Number of protein chains: 2
Amino acid sequence: MKPTPPATRSTRQRGEVMALLQEMDGARSAQQLHMMLRERGAKVGLTTVYRTLQLLVDAGDADATRLPGGEQLFRLCSRTHHHHLVCRDCGKTVEVAGPAVERWADQVATDNGFTDVSHTIEIFGTCRDCAAR
Amino acid sequence: MKPTPPATRSTRQRGEVMALLQEMDGARSAQQLHMMLRERGAKVGLTTVYRTLQLLVDAGDADATRLPGGEQLFRLCSRTHHHHLVCRDCGKTVEVAGPAVERWADQVATDNGFTDVSHTIEIFGTCRDCAAR
DNA sequence: ATTAGTGCAAATCGTTTGCACCCAG
DNA sequence: CTGGGTGCAAACGATTTGCACTAAT
């Protein structure tokens, strides 16, 4: 017998969510996405938006970052390890790689006797457009 | 006249919270701290624990990190800029400084036209003690 | 037919706030 | 005295879940 055939179905609502995400150039909250879908005429329940996003995150096709307030922002992103440079105002996101930083983090951790190391790095700022207002 | 004389009073409950925090060697959630205080016989309301922690954070005497689940962990810490190496199991925390990383972050941001740069870096792992179980 | 997916409402969860009472200065 | 502090209960905001219904395969 097959271990666990996770048959993921293709539905209209998932398509709508994916389509919207692909148009985004920055991160958005589940609620924002839900509202945008509504305005655009796509009928998708908030619950489904959450479930779809979670699915994408688990699959590694999207990633979520938590705002200081606790709200999560989602975005599609590459599957390779990387970090984000996020605009505080518009949410625009730039993926950045930093081999040196990765090494630094692992080094610091092992130096202190830690194993199973992982890390979180987020850089926030105001992008040129938003700075120009 | 004085601008805003924020007269912070010294109360029994604030003392209890501070005392507990000083005994901690790692980060704890507000709820955990509240429970620990209760077990120790100190009568402090959960609300007060939250308010006191927020006060400490604002004053820069403590800092908070958000767990993937959205829950915040608090700990007393030095006022200088630094990052944390946290044990996933026991919450033990080690403050780490990384001048090079700070520079890297600022560099990446400005290279992309971002201003008002700030960042968040957290390193997670399993400390020696917990690894040994 | 099967069974995953959907959506609404109700339930969680951590955290915040309104408000009447209390105590440090 | 007086305004900051406290605590309980109610309010909150984001996210999750129970459940009956709909639709993809």
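In what follows, the structure referred to is the one given above.
Residues numbered from 1 in each chain as written. Chains lettered and ligands numbered in written order. Predicted model: local features only at pLDDT ≥ 70, side-chain atom pairs only at ≥ 80, totals over all residues. Heavy atoms only, no water.

What am I meant to see in the overall build of chain A here?
The number of helices and strands found in chain A is five helices and six strands. Going residue by residue from the N terminus, the α and β elements of chain A occur as α-β-α-α-β-β-β-β-α-β-α. The principal-axis extent of the C-alpha atoms belonging to chain A is close to 60 × 55 × 25 Å. Residues counted as buried form 40% of the 133 residues belonging to chain A. The contacts of chain A with a sequence gap of at least 6 include a subset with a gap of at least 24, amounting to 43%. (Helix = DSSP H or I, 4+ residues; strand = E, 2+ residues; numbered from the N terminus. Buried < 20%, exposed > 50% of the residue type's maximum accessible area, 1.4 Å probe, protein only. Contact = heavy atoms within 4.5 Å.)

What is the right way to look at the protein's contact with DNA strand C in this model?
Lining the immediate surroundings of DNA strand C are 19 residues, of which A:Thr11, A:Arg14, A:Thr48, A:Arg51 and B:Tyr50 lie closest. In the environment of DNA strand C, a phosphate oxygen lies 2.6 Å from a nitrogen or oxygen atom belonging to the side chain of A:Thr11. Within the backbone of A:Lys43, an N or O atom sits 3.5 Å from a phosphate oxygen of DNA strand C. The set of elements that each furnish at least two residues to the surface near DNA strand C consists of helix 1 (12–23) and helix 3 (46–59) of chain A together with helix 3 (46–59) of chain B. Looking at the surface near DNA strand C element by element, the count peaks at three residues for helix 3 of chain A. Residues that form the surface near DNA strand C fall into these classes: three nonpolar, ten polar and six charged. (Near = heavy atom within 4 Å. Polar contact = N/O pair within 3.5 Å; in protein donor to acceptor, adjacent residues only side chain to side chain. Nonpolar A, V, L, I, M, F, W, Y, C, P; charged D, E, K, R; others polar.)

Explain the interface of chain B and chain A to me, please; I cannot follow it from the model alone.
How large an interface is tends to be reported as the accessible area lost when its parts come together. Between chain B and chain A, the residue contacts involve 36 residues of the former and 36 residues of the latter. Summing both sides of the interface, chain B and chain A together bury roughly 2800 Å²; the carbon and sulfur share of this comes to 63%. Taken together, the connections running from chain B to chain A amount to 13 residue pairs in polar contact (both at pLDDT 80 or more). Elements with a minimum of two residues in the side of chain B that touches chain A: strand 4 (83–87), strand 5 (93–96), helix 4 (99–111), strand 6 (115–126) and helix 5 (128–132) of chain B. Of the residues forming the side of chain B that touches chain A, the biggest block, twelve residues, is contributed by strand 6 of chain B. Here the residues of the side of chain B that touches chain A are counted per class, giving 20 nonpolar, eleven polar and five charged. Relative to strand 6 of chain B, strand 6 (residues 115–126) of chain A runs antiparallel, the two sharing nine bridges. Residue A:His119 lies in a different strand from strand 6 of chain B, and its bridge partner there is B:Ile123. (Buried area = accessible area lost by both parts, 1.4 Å probe. Pairing = 2+ DSSP bridges.)

Is there a simple way to think about the protein's contact with DNA strand D in this case?
With respect to spatial proximity, 20 residues lie near DNA strand D, and among them A:Tyr50, B:Arg9, B:Thr11, B:Thr48 and B:Arg51 are the closest. The sugar-phosphate backbone supplies 61% of the atoms of DNA strand D found within 4 Å of the protein. With respect to DNA strand D, the side chain of A:Arg9 contributes an N or O atom lying 3.4 Å from a base nitrogen. One of the backbone N or O atoms of A:Gln72 is found 2.9 Å from a phosphate oxygen in DNA strand D.

Where do I start with unusual backbone geometry in this structure?
With glycine set apart, most residues show a phi of negative sign, and most peptide bonds adopt trans. The backbone of A:Asp116 shows a phi angle near 55 degrees, a positive value even though the residue is not glycine. In this fold, A:Asp116 is placed in strand 6.

Is there a simple way to think about the relation of the copies chain B and chain A in this case?
The operation relating the pair of chain copies consists of a rotation about an axis and a translation along that axis. Take chain B, turn it by 180 degrees, move it 0.0 Å along the axis, and it overlays chain A with an RMSD of 0.1 Å. Such a combination of rotation and displacement between the chain copies is what one expects of a two-fold axis. Closest approach to the rotation axis among the C-alpha atoms of chain B is made by B:Ile121, whose C-alpha sits 2.2 Å away. Both copies contact each other with a shared surface, as 100% of the interface residues of chain B are interface residues in chain A too. (Least-squares fit on C-alpha atoms with pLDDT ≥ 70 in both.)

Is there a simple way to explain helix 3 of chain B in this structure?
Working note: α-helix, 3.6 residues per turn, so residues spaced by three or four point in the same direction. All names here are of chain B. Spanning 14 residues, helix 3 covers 20 Å between terminal C-alpha atoms, matching the ideal 20 Å at 1.5 Å per step. Taken as a whole, helix 3 has its buried residues at Val49, Thr52, Leu53 and Leu56. Taken around the axis of helix 3, the buried residues stretch over an arc of 100 degrees, which confines them to a single face. Opposite the packed face of helix 3, turned more than 90 degrees from it, sit the exposed residues Arg51 and Asp58. Taken from the residues just after helix 3, Gly60 is the one with a positive phi, measuring 85 degrees. (Expected span 1.5 Å × (residues − 1). Arc of directions from axis to C-beta.)

I keep staring at the environment of A:Val108 and nothing clicks. Help me out?
Summarising the element assignment, A:Val108 is placed in helix 4 (residues 99–111). A:Val108 has contacts with B:Leu85, B:Val96 and B:Ile123, leaving out every residue within four places of it along the chain.

It is not clear to me how the sheet that holds strand 6 of chain A should be interpreted in this structure. Could you clarify?
Strand pairing within a sheet occurs via backbone hydrogen bonds; the two strands may be parallel or antiparallel. Overall, mixed pairing links the six strands, which are arranged 5(A)-4(A)-6(A)-6(B)-4(B)-5(B) in an open sheet. The open sheet is flanked by strand 5 (93–96) of chain A together with strand 5 of chain B, the only strands paired with a single partner. Pairwise comparison of adjacent strand axes, ignoring direction, gives a mean angle of 20 degrees for this sheet. Pairing between strand 4 of chain B and strand 6 of chain B: four bridges, direction parallel. For B:His84, the partnering residue across the bridge sits in strand 6 of chain B and is B:Glu122. Across the face of the sheet, helix 4 of chain A comes into contact with strand 4 (83–87) and strand 6 of chain A together with strand 4, strand 5 and strand 6 of chain B while running at roughly 135 degrees to strand 6 of chain A. Sheet contacts for helix 4 of chain B: strand 4, strand 5 and strand 6 of chain A together with strand 4 and strand 6 of chain B; angle to strand 6 of chain B, the most-contacted strand, approximately 135 degrees. (Axes fitted to C-alpha atoms, helices over the stretch in contact; angles between N-to-C directions.)

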